[in-house]
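Geometric and topological summary
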Amino acid sequence: MVLHSHQLTCAGIAFALCLQHLISAIEVPLDSNIQSELPQPPTITKQSVKDYIVDPRDNIFIECEAKGNPVPTFSWTRNGKFFNVAKDPKVSMRRRSGTLVIDFHGGGRPDDYEGEYQCFARNDFGTALSSKIHLQVSRSPLWPKEKVDVIEVNEGSPLSLQCNPPPGLPPPVIFWMSSSMEPIHQDKRVSQGQNGDLYFSNVMLQDAQTDYSCNARFHFTHTIQQKNPYTLKVKTKKPHNETSLRNHTDMYSARGVTETTPSFMYPYGTSSSQMVLRGVDLLLECIASGVPAPDIMWYKKGGELPAGKTKLENFNKALRISNVSEEDSGEYFCLASNKMGSIRHTISVRVKAAPYWLDEPQNLILAPGEDGRLVCRANGNPKPSIQWLVNGEPIEGSPPNPSREVAGDTIVFRDTQIGSSAVYQCNASNEHGYLLANAFVSVLDVPPRILAPRNQLIKVIQYNRTRLDCPFFGSPIPTLRWFKNGQGNTLDGGNYKAHENGSLEMSMARKEDQGIYTCVATNILGKAEAQVRLEVKDPTRIVRGPEDQVVKRGSMPRLHCRVKHDPTLKLTVTWLKDDAPLYIGNRMKKEDDGLTIYGVAEKDQGDYTCVASTELDKDSAKAYLTVLGKAVLPVLIYLIIWPPERPDRPRDLELSDLAERSVKLTWIPGDDNNSPITDYIVQFEEDRFQPGTWHNHSRYPGNVNSAVLSLSPYVNYQFRVIAVNDVGSSLPSMPSERYQTSGARPEINPTGVQGAGTQKNNMEITWTPLNATQAYGPNLRYIVRWRRRDPRGSWYNETVKAPRHVVWNTPIYVPYEIKVQAENDFGRAPEPETYIGYSGEDLPSSPRYLRIRQPNLESINLEWDHPEHPNGVLTGYNLRYQAFNGSKTGRTLVENFSPNQTRFTVQRTDPISRYRFFLRARTQVGDGEVIVEESPALLNEGECRAAPASTWLPPPTTELTPAATTATTTAIPTTETPPTEIPTTAIPTTTTTTTTTAASTVASTTTTAEMAVAATTKQELATNGSSIWDIRAWANSNWANITWSHNYSAGTDFVVKYITSNKTEKSIPVKAQTPSSVQLANLTPGMVYKLWVFPIWSSPSEHSYITFTTSSAYTKNHVDIATQGWFIGLMCAIALLVLILLIVCFIKRSRGGKYPVRDNKDEHLNPEDKNVEDGSFDYSDEDNKPLPNSQTSLDGTIKQQESDDSLVDYGEGGEGQFNEDGSFIGQYTVKKDKEETEGNESSEATSPVNAIYSLA
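This structure is a prediction, so every number in the text was calculated from the model and none was measured.

Some remarks on the overall build of the protein
Of the regular secondary structure elements, the protein holds ten helices and 91 strands. The buried share of the protein, reckoned over its 1256 residues, is 44%. Relative to all contacts within the protein whose residues are 6 or more apart in sequence, the contacts with residues 24 or more apart total 65%.

What about the pairing of strand 51 (residues 572–577)?
Within a regular beta strand, the side chains point alternately toward one face of the sheet and then the other, so they alternate between its two faces. Bridge count for strand 51 against strand 55 (residues 606–613) is six bridges, and the pairing is antiparallel. Looking at the pairing, Val 573 lines up with Ala 612 of strand 55. Summarising the sheet, strand 51 and strand 52 (residues 580–581) pair through two bridges and their orientation is antiparallel. For Lys 577, the partnering residue across the bridge sits in strand 52 and is Ala 580. Connecting the antiparallel pair strand 51 and strand 52 is a turn made up of two residues, with Asp 578 showing a positive phi of about 55 degrees.

Focus: the packing of aromatic side chains
Working definition: an aromatic ring pair is given by the centre-to-centre distance plus the angle between the planes. Summed over all chains, the structure comprises 27 aromatic pairs. Taking 5.5 Å as the distance between ring centres and 70 degrees as the angle between the ring planes, the aromatic pair formed by Phe 413 and Tyr 424 counts as edge-to-face. Pair noted here: Phe 413 is in strand 35 (residues 410–413) and Tyr 424 is in strand 36 (residues 422–430), with a separation of eleven residues, a long-range link. For the pair Phe 413 and Tyr 424, a shared accessibility class is recorded, and that class is buried. A centroid spacing of 5.8 Å and a plane angle of 70 degrees characterise the contact between Trp 1044 and Phe 1054, whose relative ring orientation is edge-to-face. Here Trp 1044, found in strand 82 (residues 1040–1046), pairs with Phe 1054, found in strand 83 (residues 1054–1060); they are ten residues apart in sequence, far enough to count as distant. Residues Trp 1044 and Phe 1054 agree in their burial class; the two are buried. A connected cluster of aromatic rings, assembled from ring pairs, spans Trp 864, Tyr 877, Tyr 881, Phe 897, Phe 904, Tyr 915 and Phe 917. When the ring centre of Tyr 356 is taken as origin, the NZ or CZ atom of Arg 278, which lies over that ring, is 3.7 Å away. Across the ring face of Tyr 1105, the terminal group of Lys 1090 is positioned such that the distance to the ring centre comes to 4.8 Å.

Quick notes on unusual backbone geometry
Across the junction of Leu 169 and Pro 170, the peptide omega takes the value -5 degrees, indicating a cis bond. Within the secondary structure, Pro 170 is located in the loop between strand 13 (159–161) and strand 14 (173–177). Across the junction of Ser 475 and Pro 476, the peptide omega takes the value 5 degrees, indicating a cis bond. Considering the arrangement of structural elements, one finds Pro 476 in the loop between strand 41 (472–475) and strand 42 (479–484). Of note, the phi angle at Asn 314 is positive, near 55 degrees, even though the residue is not glycine. Within the fold, Asn 314 resides in the loop between strand 25 (310–313) and strand 26 (318–321). In this structure, Asn 871 takes a positive phi of about 55 degrees despite not being glycine. Mapped onto the elements, Asn 871 comes out in the loop between strand 73 (859–865) and strand 74 (876–885).

Quick look at the sheet that holds strand 45 (residues 515–523)
Taking strand neighbours across the sheet as the criterion, the four strands line up as 39-46-45-42 in an open arrangement whose pairing is mixed. One side of each edge strand has no neighbouring strand; the edge strands of this open sheet are strand 39 (456–461) and strand 42. The mean angle between the axes of side-by-side strands here comes to 25 degrees, regardless of whether they run parallel or antiparallel. Bridging between strand 42 and strand 45 involves six bridges; their strand directions are antiparallel. Looking at strand 45, one finds that Leu 480 is bridged to Ala 521.

Some remarks on the state of the cysteines
Two cysteines form a disulfide when their sulfur atoms are joined by a covalent bond. The full count for this structure, using the stated rule, is six disulfides. Each sulfur in the disulfide pair Cys 470 and Cys 519 lies 2.0 Å from the other. Looking along the S-S bond of the Cys 470-Cys 519 disulfide, the torsion reads about 60 degrees, which is the right-handed sense. In this pair, Cys 470 sits in the loop between strand 40 (466–468) and strand 41 while Cys 519 sits in strand 45, placing the two residues 49 residues apart along the sequence. Each sulfur in the disulfide pair Cys 561 and Cys 610 lies 1.7 Å from the other. The chirality of the disulfide connecting Cys 561 with Cys 610 is left-handed, given an S-S dihedral of about -60 degrees.

Some thoughts on a nonpolar patch on the surface
On the surface, Leu 1136, Leu 1139, Ile 1140, Ile 1143, Val 1144, Phe 1146 and Ile 1147 cluster together into a nonpolar patch covering about 680 Å² of accessible area. Exposure remark for Ile 1143: the relative accessible area of 48% places this residue in the partly exposed category.

Considerations on the sheet that holds strand 8 (residues 100–102)
On the basis of which strands lie adjacent, the open sheet formed by three strands has the order 3-8-7 and antiparallel pairing. The open sheet is flanked by strand 3 (60–62) and strand 7 (91–93), the only strands paired with a single partner. Here the strands of the sheet are splayed against their neighbours by 20 degrees on average, with no regard to which way each runs. Two strands pair when backbone bridges link them, and strand 7 and strand 8 are joined in this way by three bridges, in the antiparallel orientation. Looking across to strand 8, one finds that Met 93 is bridged to Leu 100.

A few points about the confidence of the model for the protein
In this model, the protein carries a mean pLDDT of 80, and residues with pLDDT of at least 70 account for 79%. Every residue in residues 1–24 is under pLDDT 50, and counting partners more than four places away or in other chains gives 48 contacts.

Remarks on the pattern of salt bridges
Side chains that differ in sign of charge can pair as their charged atoms come close. Scanning the entire structure with this criterion turns up 55 salt bridges. Of the charged contacts in the structure, one is a salt bridge between Lys 309 and Asp 328, with a shortest N-O distance of 2.7 Å. Remark: Asp 328 occurs in the loop between strand 26 and strand 27 (330–338) and Lys 309 occurs in the loop between strand 24 (295–300) and strand 25; sequence separation between them is 19 residues. Judged by its relative accessible area of 5%, Asp 328 falls in the buried class. Lys 511 serves as the salt-bridge partner of Asp 538, at 3.1 Å between the closest nitrogen and oxygen. Of this pair, Asp 538 sits in the loop between strand 46 (526–537) and strand 47 (541–544) while Lys 511 sits in the loop between strand 44 (504–506) and strand 45, and the two are 27 residues apart along the sequence. Relative accessible area serves as the criterion here: at 32%, Lys 511 is assigned to the partly exposed category. Taken together, the salt bridges that share partners define one network made up of Arg 851, Arg 853, Glu 863, Asp 865 and Arg 903.

A few points about the nonpolar core
Of all hydrophobic cores here, the largest spans 32 residues; its most connected members are Ile 62, Trp 76, Leu 100 and Tyr 117. Of all the elements in the fold, those that place two or more residues in this core are strand 2 (51–54), strand 3, strand 4 (64–69), strand 5 (73–78), strand 8, strand 9 (115–123) and strand 11 (133–137).

Let's talk about the environment of Val 406
Take Val 406: it is sitting in strand 34 (residues 404–407). With a relative accessible area of 41%, Val 406 lands in the partly exposed category. The spatial distance from the C-alpha of Val 406 to the C-alpha of Arg 373 is 9.7 Å, given a sequence separation of 33 residues. Other than its neighbours up to four places away in sequence, Val 406 contacts Trp 388, Ile 395 and Ile 411.

Definitions and limits used
- Residues numbered from 1 in each chain as written.
- Predicted model: local features only at pLDDT ≥ 70, side-chain atom pairs only at ≥ 80, totals over all residues.
- Heavy atoms only, no water.
- Helix = DSSP H or I, 4+ residues; strand = E, 2+ residues; numbered from the N terminus.
- Buried < 20%, exposed > 50% of the residue type's maximum accessible area, 1.4 Å probe, protein only.
- Contact = heavy atoms within 4.5 Å.
- Pairing = 2+ DSSP bridges.
- Phe/Tyr/Trp six-rings, centres within 6.5 Å; stacked < 30°, edge-to-face > 60°.
- Lys NZ or Arg CZ within 6 Å of the ring centre and 35° of its normal.
- Axes fitted to C-alpha atoms, helices over the stretch in contact; angles between N-to-C directions.
- Disulfide = S-S within 2.5 Å.
- Patch = residues over 30% accessible without salt bridge, like charges linked within 9 Å, V, L, I, M, F, W, Y side chains within 5 Å.
- Areas by Shrake-Rupley, 256 points an atom, 1.4 Å probe, with all protein chains shown as cover.
- Salt bridge = Lys/Arg side-chain N within 4 Å of Asp/Glu carboxyl O.
- pLDDT = per-residue confidence, 0-100.
- Core = buried A, V, L, I, M, F, W, Y, C linked by side-chain atoms within 4.5 Å.

This is how it looks when you write it as structure tokens:
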């Protein structure tokens, strides 16, 4: 049988206190309550480095932190003089800290604050000093201007290119590159020295193929400065021939280069010396010339190179010895050799040392009347001198103290008294540096205090060794005594042994040792006591254990395990098979006093161990089970009688070992119902955040009935347990009693921090909030901080409770740095990580510079640039384009591109038609502004018709009756849906309908002004049914009058926006008036303008503009041509000619043309007609061909070409169609009704030819 004793110990603190008392003085415990009550001189806890180099672009922070009781106050000196922080508005000191902050956001020169700073921390018990902090501002001076001549050198000669970088602070990193920023290849022939120069052991012809520029990289400013490049000119005896070099075994002889013995380029001569400080790295360097390039070997005179500390660098030209010590001094030599000979250089190394500590002075805490000492021992080369200071002043000039004696590096204190507390500084210095250490002497008189918890309970098994702990503190150090049950005799001797750290040890606990023990700590200032209750328990014993058995297969053997234990302790019995936990399947049944196996099989054979345990001890017994024979009937009977079911619920939950962050949960398993329990699920519920909701805490194997649970602060826990077997889960156990943990500050910050705009002028910051087990305290809140992504930007903050905060009035799509920190009433979580978020996106501006090229008749190339203002993440581009030929338009094709694509090629099958392109950029918000361009007219196209002078607007999406002459198009789906003027009969999709706008200009030469008129008959409707129409522009050379009609409500203000052909944009607000008009002034003569009119509360549609052109500048002394006689005669002749042509045309039309005529005007062309596929037309009568600069209408009449610039509506325009590839299919019918001809009017300027056909 095995016994296991449990010993509860908490003597670590007391034992350490006792040892410290024996060795030196009093040690203050780490208990925060004690430390907050005791007076303590200042102690420097954090300071900046001695040589402090700062970035001139950032604010300067000189750190100085200290602790003490009372809290210390801080002051500074600069260059040995008092530094008045309050007088300088740029300098401030952090609250409850000595850290200086020098802020340059308002201007100022960091160079003005260079110098030597020292921090002083003071309270009532002394003054502590920081080291002297030498503050320097980083510098990256420019390279001095110099002219670098071409360097001529013979092939095979040595060469060094000097760098001489500007002296930066800290020194820059040097590297060599060509002027094209290609690194210079280095090897054992060409390499860079530690001084930055570039060395050539011998120059080869290929070295002249590039130039050489020295570059200096400055750490703080992250800048690289480049020196003017060197250019080499290599003189050679033979021209370069790669083939001869490859076939020759010796490259140098092939080049005609004389082979030479090595010689040193650096260092010079045969010997040199070098001094290095202890603890730093020593770098020795040898660079040699020679042909071929020599190899370098390193040796130490009289011994081996230091093992484990040496490293060869720069192609063996440099030897690095890390962390040099005095043993590394001596003579080192490098050997340079090639096949022509060898040479060596000796370097004498001397190791010096800045001061380093042997015994650094430590804080000293004494009781009144005690003795002590401070020791300050340092070493160095040369040996450092020791200087003592007290409270920052030389000890020689301090007030005399009879209890203090200075003896070199030691201060001895004898019979110290209250009031002798002070901070002593030890300064050890030599020519290579100094060390400064602070150590305070504090004289305390503190009454005794017991540090152990009150009323401890110690349980021990009878006859086992145990120990009662009673840690204590006081000054002077108290004496401690133990008593039992209030008796007056001190317990020490026999079965008891009292230790100086306060522990009472019993070699063997007996029943009569049970009782209450009292420890009493006493000094001259008082006494303190605590009680410990000891309970002695009966041991756990197995009185009848399992016995070895031999059974037949299929039988039901029983293994006994009867246990006797202390009734006040909870007993747990487990079984092992072959020293592993036994899986209690549905063929086994564990009972209080044994184990029964039903239908035993060969696999059940083995060692069975019964283990009985309590929280203090355990016992075990083992037996071997042997299985023989065959029998299956009992197993079948058992399975029929007792089928497996879900387990019963666990019961009797108990909490023990209560700690601040853990608790032990114990339960009694329920019956497994013939299916072994495989797992236990422990759940918890808390009553603050989600009362009544149970959460899974942890999962444990089915062979345990207790677990130590990890807990979170500030949670009122309640637990329950669920058993699981192969059939299912049991009902939950009854809940345990509640256990409340104390609060603490949060240890983690929220995760999933994101910043994204929901509107174009905001940024919504969201995060995953902390749950109930992460809050750690009451009043959980979040400190949200944000700033523009600029290190010099200011942080803004807001404290919220919800996991969301919206920042308003942000610029469009700019990055922000975001931090979210959790906080409760106990404090803040650690400093959070920084996340990057973006403010809201907006629609992008139009792509820039849409360029159209026609390299041939088969293709059109498009190129464009990204938008000037993306206003977000570009997700792509949308291109809509449409073929047109006069007033005929084809179906609209749509292409979508990735955000990186800025080129596209259109394959055209019809060389006659032109294309109109509408290009937009797209962000996640939607499509942005459109840029509209047309493919240029081909030469033969320009000869056939005049370019339209009007602005093209989308045709209506309507199928017109045969009497109508307007082309019909079907629009592609779009997000903008203005209502139509004519009922639409199109596919069931969202369509956009407007009317075609024809704008014409009428120019007349007068003595007053030249006017141009542009008009539109209708603009798109607003969502409330209001609209703007009849926009007209009367333009002069430098001004224009704009009028329009509308049915908006009275008092509606408008905006007139106009853009020149060179993309200059202006907007003019117009107050409500009748009639609606405005005059545009300061226009440019001869310029084309696009003009929109829209209500002030909306934005213009891309296609709702008109165009007008200002007239060219005129001369006022022009003669009125209308009054000239020759002009009147010319007009009469033209009128007569027109009349004759009209008569001839009328006669021709009466005879009829020989081109085919359709019976039904609306009938489409037969697909089998020839020339349909290529878009050509077959006229049998040559006399009926259209005149130049005219266009055949859908009904066969001749009319002026009309403007057709719309992309909003698309479809099969009247009888004219486009194939899917955009090619034109013409269908012409003979005009039978003169009224239809007259209905096809145009608002363009009338020419003599057009006048003829308008009258026909």
